[in-house]
Amino acid sequence: MTAIRSVGVVGCGLMGAGIAEVCARAGKDVVVVESSPAAADAGRQRLEASLKRAESRGKIEAAAPVLARIQVVEQLETLADRELVIEAIVEDEVAKTELFRRLDGILTDPEAILASNTSSIPIMKLGVVTSRPEHVLGIHFFNPVPVLALVELVPSLLTSPAVTERARAFVQDDLGKQAIDCQDRAGFVVNALLIPFILSAIRMLESGFATAEDIDRGLVLGAAHPQGPLALADLIGLDTTKAVAESLYEEFKEPLYAAPPLLARMVDAGLLGRKSGRGFYTYS
Ligand code: NAI
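Everything numeric here is computed off the predicted structure, so don't read it as measured data.

Rules behind the numbers
- Residues numbered from 1 in each chain as written.
- Predicted model: local features only at pLDDT ≥ 70, side-chain atom pairs only at ≥ 80, totals over all residues.
- Helix = DSSP H or I, 4+ residues; strand = E, 2+ residues; numbered from the N terminus.
- Rg over C-alpha atoms; globule rule 2.2 N^0.38 Å.
- Buried ≥ 20, exposed ≤ 12 C-beta atoms within 10 Å, placed from the backbone.
- Near = placed C-beta within 6 Å.
- Nonpolar A, V, L, I, M, F, W, Y, C, P; charged D, E, K, R; others polar.
- Pairing = 2+ DSSP bridges.
- Right-handed = clockwise from strand over helix to strand, strands pointing away.
- Core = buried A, V, L, I, M, F, W, Y, C linked by C-beta atoms within 7 Å.
- Contact = placed C-beta atoms within 7 Å.
- UniProt positions renumbered as here; feature names shortened; annotations may be inferred.
- Axes fitted to C-alpha atoms, helices over the stretch in contact; angles between N-to-C directions.

Quick look at the overall build of the protein now. Within the protein, the secondary structure is distributed over 11 helices and 8 strands. Taking 19 Å as the expected radius of gyration for a compact globule of 284 residues, we find that the protein reaches 19 Å, a close match to that expectation. For the protein, the spread of C-alpha atoms along the principal axes amounts to about 55 × 45 × 35 Å. Out of the 284 residues in the protein, the part that is buried amounts to 44%.

Inspection of the secondary structure puts Gly-27 in the loop between helix H1 (14-25) and strand E2 (29-33). The exposed category is assigned to Gly-27, around which 11 C-beta atoms lie within 10 Å. Sequence separation between Gly-27 and Gly-279 is 252 residues; the distance between their C-alpha atoms is 36 Å.

Moving on to the site of the ligand. Of all residues adjacent to the ligand, which total 28 residues, the nearest are Gly-11, Gly-13, Met-15, Ser-119 and Asn-143. Listed by contribution, the elements that provide at least two residues to the shell around the ligand are H1, helix H4 (93-106) and helix H10 (238-252). Looking at the shell around the ligand element by element, the count peaks at 3 residues for H1. The class makeup of the residues in the shell around the ligand is 15 nonpolar, 10 polar and 3 charged.

Of all 6 residues making up strand E7 (residues 150-155), 5 are buried, and the element is well covered by its neighbours. Sheet topology places strand E6 (residues 136-141) next to E7; 5 bridges connect them, and they run antiparallel. Residue pairing in the sheet places Leu-137 in a bridge with Pro-155 of E7. Relative to strand E8 (residues 178-181), E7 runs parallel, the two sharing 4 bridges. Following the sheet pairing, Leu-150 is matched in E8 by Gln-178. Handedness of the crossover joining E7 and E8 through helix H6 (residues 161-174) is recorded here as right-handed.

What follows covers the nonpolar core. Core analysis: the largest hydrophobic core is formed by 55 residues, its most contacted members being Ile-19, Ala-20 and Val-85. Residues in contact with Ile-19, not counting those within four places in the same chain, are Val-9, Ile-86, Ala-88, Asn-117, Phe-141 and Val-145. With 26 residues, the next largest nonpolar core counts Ala-231, Leu-238, Val-244 and Met-266 among its residues.

The next subject is the UniProt feature "domain: 3-hydroxyacyl-CoA dehydrogenase C-terminal" (unreviewed entry) in the protein. Mapped onto the present numbering, the UniProt feature "domain: 3-hydroxyacyl-CoA dehydrogenase C-terminal" (unreviewed entry) falls at residues 187-283. When the span residues 187-283 is considered, its composition is 62% helix and 0% strand, and the gap between its end C-alpha atoms is 28 Å.

Spatially, 8 strands are ordered E3-E2-E1-E4-E5-E6-E7-E8 in an open sheet, and the strand pairing comes out mixed. Sheet topology places strand E3 (70-73) and E8 at the edges, where each strand pairs with a single neighbour. Here the average twist between neighbouring strands, direction ignored, is 25 degrees. Strand direction decides the pairing type here: E2 and E3, joined by 4 bridges, are parallel. Bridge assignment links Val-32 to a residue of E3, and that residue is Val-72.

Here we take up the environment of Pro-65. Take Pro-65: it is sitting in helix H3 (residues 63-67). Note on Pro-65: 13 C-beta atoms within 10 Å, which makes it partly exposed. Pro-65 sits 107 residues away from Gln-172 along the chain, and the two C-alpha atoms are 22 Å apart.

Below, the structure is given as C-alpha cells:
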C-alpha cells in the first residue's frame, strides 16, 4: 500500500481548515482550494490563528513550518497531482455532486482517492457522478478537527476495499486518529444519534419548556456532557445542523429528524451560531 504524501482539501471553513491543519501537522503537503479571494484570505487567517494557538499551548513546536506546508488557492485545477482530495464545502448535494464531477476530470493519478467530509449526504450519490466510484469514500472528521480523535470511514457499495484500507492507514497511522466503520446511510453513526438529540433540545426551547441555559446546564451537570446540545449546535453551525437534519429526514422520513421551525427561522435570519457571532448564545 503506497503512503499518501500529497493532500488536497476543498473548502477552508470550520472543517476544511481543521483537516488541512491536521494533515500539515502530520507532515503532508497540503493544497486547499477556496471559492473566492475573500474566502481564501479568511481561510488563511483561520489556519494561522489555530496554529499559533497550538504553538502557544505547546501542542506543536512551531507554527511556521506547518503553515509552510499549506497553500490556499482558488483554482481547483491546482489539485491535479494530489493522491487524496478531501471535500469540505457546504452541506449541499447539488454543490457537492458538481464538485465531484469536476474533480474527477482534474485528478491525474488513477489511484487518487476522492473523499467527502459530508455529515449526511450518501457517499454513493457523490461516487456515481465520477468515472471512479471505487476510489470515492467518506472520511468524516469531527469538530474541532485538531482536538477530536474520531473519524468515520464510509465506503459506498462501490468503494474498493483496498481504497478503504489506504484511507484507514492514512487517518490512523499518519494523522493519529481513531477510525470507526460505518455503512453508507445518511448521518452515519454519530450524527444519526446526535442530530435528533439536538433537534429535541431545540423543540424543548421552542415550546417554552425551559431556557437554553437550563437545557444545556441540565445535560452538562446531569449527564456529564462536555457541553449542552444548544451550545453544541452553535459550534456545529445552525446552517449545517439544519442541512444535516434535512438529509436525515430525506433518507428516513422519521419525524425525529425533521428540523423544527425555530431552527429554520434562525438560519433564515443569519443566526448561524459561533461562526456568525450569534445563535442560541451570543459570541464576541
Ligand atoms: P463552513 O460553512 O464553515 O465552510 C464551508 C467552506 O466551503 C466555506 O469557506 C465556503 O467558502 C467553501 N466553499 C463553498 N463552496 C465551495 C466550492 N465550490 N469550492 C471551494 N470552496 C467552497 O462549513 P463546515 O462546517 O466547515 O462544513 C463543511 C462540511 O463538513 C459540510 O459537508 C459539513 O456537513 C461537514 N461537517 C461539518 C461539521 C461541523 O461541526 N460543522 C462536522 C463534520 C463535518
